[in-house]
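One-letter residues, chain by chain:
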Amino acid sequence: MAGQDPLVVFTPSGKRGRFPVGTPLLSAARALGVDVDSVCGGRGICGRCQVLVAEGEFAKHGVRSGADSVSPVSEPEQRYARRRGLAPGRRLSCSTRVERDVVVDVPPESQVHRQVVRKDADAREIALDPVVRLHYVEVREPDMHDPSGDLRRLYDALEREWELKGLSCDASLLAGLQSALRKGGWKVTVAVHGGSQVIALWPGFHDRAFGMAVDVGSTTVAAHLCDLESGELVAAAGIMNPQIRFGEDLMSRVSYAMMNPGGAAQMTEAIRGALTALAADLAKSAGVETGDILEMTLVGNPIMHHLVLGIDPVELGGAPFALAVDESLTIPAAQLGIGVNPNARVYVLPCIAGHVGADCAGVILAERPDRREELTLLVDVG
């Protein structure tokens, strides 16, 4: 309507209101009761009020938002960026003023009452049979009478000492194979996936191998780190799904992908970055290296499933809600850009139907209601 003040929408809270041009975003947030931290009284010193100005068309709100929706970067922001650094796209809400309709995302670290997402795993008896196993071997040294390569002699050692046959090796390991063998004095530890694929090796003895289980929800992402040798759960962590700035619910994110060229790729980049951050948090909590995370199992609803895999989810936004793939997938972590061991395998459970995801498949596999006599109802309250 002509003459109306600009509309300001804050996510993930969904609170909104109209404010005169020139209103600082922090003032708008406080007027609406939006949870934005600030210690310095809006002087651009503490940096706790950082926000992200969303880019694109937001059909749910009837808003087109972008950098031109707010004032240019101010001198206090430039000063803060020089002194302490300001991530690309971040603005100080105390120094950023409303110019046009705008959607503003308040990241968790800028909220006074930060959400701590913790989904504890139930302890239960599980038969331990990890798909990745570590094998320590002593490899025969080369000599002038045997022209076989180091990889061949490594295979021979694995067959001789562990009865592993028909092995293959990730090509990315070959560059470091010879240095690892020599550094370890021809004694190395090898990680073998599925009894057939060499995916990692270390000089000498190495006994750390971990798996990461992840549930990518539309609002939160929960992860657990498990010792593949002992089966012990060693760390758990959770974060808000950063895709929330593109839409609070699944259909909003599909709409964002439909209306903004490259929108699906933006959401894929955001969730993969979140998975990398979660892996780093888990590794730090457990006192291990991210390179020791050799396996990841991932579930999520169909739209989250597709976005993690880099698949545009627009077909899931309308009938007949066609999945791009309804089979399980095993993909090297490097291919997905997730910051664990680059040769770690990411196992993605299959989606069942257009709105019945891999998370449901995971629950069925874990609980096995098909093996019970009584009728069982599985409920996920997201």
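See above for the structure.
This is a predicted model, so every value here is computed, not measured. Here the residue numbering is sequential within each chain, running from 1 through the sequence in written order. In keeping with the model being predicted, local features are shown solely for residues with a pLDDT of at least 70 and side-chain atom pairs are shown and tallied solely at 80 or more, while totals for entire chains, interfaces and linings include all residues. In computing side-chain properties, one takes all heavy atoms of the structure into account and sets aside hydrogens as well as water.

Observations regarding the packing of helix 3 (residues 150-162) against helix 4 (residues 174-183)
Operational definition: To define axes, lines are fitted to C-alpha atoms, for helices over the stretch in contact only, and angles between the resulting N-to-C directions are given on a 0 to 180 degree scale. Helix and strand definitions follow DSSP, with helices as H or I runs of at least four residues and strands as E runs of at least two, each counted in order from the N terminus. Throughout this description, any angle smaller than 35 degrees is read as roughly parallel, any larger than 145 degrees as roughly antiparallel, any in the 65 to 115 degree range as roughly perpendicular, and the remainder as oblique. The crossing is said to be left-handed when, going from far helix to near helix, the turn is anticlockwise and less than a right angle, and right-handed when the turn is clockwise. Contact between two residues is taken to exist if any of their heavy atoms lie within 4.5 Å; hydrogens are not considered. Polar here means any residue other than Ala, Val, Leu, Ile, Met, Phe, Trp, Tyr, Cys and Pro, which are nonpolar, and Asp, Glu, Lys and Arg, which are charged; Gly is therefore polar.
Relative to each other, helix 3 and helix 4 sit at 65°, their axes nearing to 10 Å. In terms of orientation, helix 3 and helix 4 fall into the roughly perpendicular class. Note on packing geometry: the crossing formed by helix 3 with helix 4 is left-handed. Residues Asp 150, Leu 151 and Leu 154 of helix 3 touch helix 4, and the partners they reach there are Leu 174, Leu 177, Gln 178, Leu 181 and Arg 182. Classifying every residue of the contact of helix 3 with helix 4 by side-chain character gives five nonpolar, one polar and two charged.

Quick look at the pattern of salt bridges
Our working rule: Any carboxyl oxygen of Asp or Glu within 4 Å of a side-chain nitrogen of Lys or Arg constitutes a salt bridge here. Buried means the residue's accessible area, taken with a 1.4 Å probe over protein chains only, is under 20% of the maximum for its type, while exposed means over 50%, and partly exposed covers the values in between.
Following the criterion strictly, the structure yields 17 salt bridges and no others. Residues Arg 160 and Glu 161 are paired through a salt bridge, measuring 3.7 Å at the closest nitrogen-oxygen approach. We classify Glu 161 as partly exposed; its relative accessible area is 36%. One continuous salt-bridge network, built from bridges that share partners, spans Lys 60, Glu 248 and Asp 249.

Thoughts on empty space enclosed by the protein
Selection rule: Cavities and pockets are found on a 1 Å grid laid over the protein atoms alone: a cavity is a set of points where a 1.4 Å probe fits but cannot escape, a pocket is an open set with protein on both sides within 12 Å along at least five of seven lines, and a lining residue has an atom within 4 Å of such a point. Grid points are joined across faces, edges and corners, and a volume is the space filled by probe spheres set on the points.
As enumerated under the stated definition, the model contains one cavity of 30 Å³ or more in all. Here the largest cavity is characterised by a volume of approximately 80 Å³. In this structure, the largest cavity is lined by Glu 57, Phe 58, Ala 59, Lys 60, His 61, Phe 246, Gly 247, Glu 248, Ser 252, Ser 255 and Tyr 256. When contributions to the lining of the largest cavity are tallied by element, the ones reaching two or more residues are strand 4 (56-58) and helix 5 (250-259).

With respect to the sheet that holds strand 2 (residues 16-18)
Using the following cut-off: Two strands form a pair only when DSSP identifies at least two bridges running between them.
The five strands lie next to each other as 2-1-7-3-6, forming an open sheet whose pairing is mixed. Across the chains shown, the open sheet's two edge strands, defined by having one partner strand only, are strand 2 and strand 6 (90-92). On average, adjacent strands in this sheet sit at an angle of 35° to one another, irrespective of strand direction. Relative to strand 2, strand 1 (residues 7-11) is paired through three bridges, and the arrangement is antiparallel. Counterpart to Leu 7 in the pairing with strand 2 is Arg 18. Against the sheet, helix 1 (residues 25-32) engages strand 1, strand 2, strand 3 (50-53) and strand 7 (102-105), with an angle of about 75° to strand 1.

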